Amino acid sequence: MHTQVHSQPRARGGLIAWACLTVAIVAEVVGTSFMADAARHGGYVGYAVMAVALAISYYFLALSVRGIAVGVAYAVWEGLGLTLLTLVGIFVFKDSLSVQQMIGLVMAAVGIVCVTLGEEHTP
């Protein structure tokens, strides 16, 4: 038995896909921040917020890959999430970074920019 798989070409980089990715990133940062707070200070509310926010994050990440290549979407989601969580750690939780960690974050940010700019855009 021969099965053909038909797929529709997707418009890469659509505004809605990038909006979904933005929601996914914000939800990831919120969820992980609440996880860190709950782990440091106790309480189940933080874990509940974390679970809901991370579920929302994955849902919107999945929606974003309808218009953005999965590797690009994941790289941007993970990289920007990492960068924003680092800032939350510094400003909210009073974490500190070594010079080596700062260099690594800058390198990650440059990589994300390169990956994003390399995404195909159709008019």
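Residues numbered from 1 in each chain as written. Predicted model: local features only at pLDDT ≥ 70, side-chain atom pairs only at ≥ 80, totals over all residues. Heavy atoms only, no water.

For clarity, the threshold we go by: UniProt positions are given in the numbering used here, feature names are shortened, and annotations may be inferred rather than shown by experiment.
Going by the annotation in an unreviewed UniProt entry, the name recorded for the protein is Spermidine export protein MdtJ, with Stenotrophomonas bentonitica given as the source organism. What UniProt states about the protein under its Subunit (unreviewed entry) heading is, verbatim, "Forms a complex with MdtI." On record in UniProt, under Sequence similarities (unreviewed entry), the comment for the protein is "Belongs to the drug/metabolite transporter (DMT) superfamily. Small multidrug resistance (SMR) (TC 2.A.7.1) family."

## Observations regarding unusual backbone geometry
Counted only if it meets this: Going along the chain from the N terminus, every DSSP run of H or I of four or more residues is numbered as a helix, and every run of E of two or more is numbered as a strand. Accessible area is worked out with a 1.4 Å probe on protein chains only. A residue is then buried under 20% of its type maximum, exposed over 50%, and partly exposed in between.
The backbone phi angle of Lys 94 is positive, close to 60°, even though this residue is not glycine. By the element assignment, Lys 94 lies in the loop between α3 (70–91) and α4 (99–117). Residue Lys 94 is classed as exposed on the basis of its relative accessible area, which comes to 66%.

## Quick notes on a nonpolar patch on the surface
This is how it is decided: Think of a patch as exposed residues, more than 30% relative accessible area, with no salt bridge, where like charges cluster within 9 Å and nonpolar side chains (Val, Leu, Ile, Met, Phe, Trp, Tyr) cluster within 5 Å. All accessible areas in this document rest on Shrake-Rupley with a 1.4 Å probe, and a residue is counted as covered only by the protein chains that are shown. A pairing counts as a salt bridge when a side-chain nitrogen of Lys or Arg comes within 4 Å of a carboxyl oxygen of Asp or Glu.
Judged by side-chain polarity, Leu 80, Leu 84, Leu 87, Phe 91 and Val 92 come together as a nonpolar surface patch covering roughly 460 Å² of accessible area. Looking at where Phe 91 falls in the secondary structure, it is placed in helix α3.

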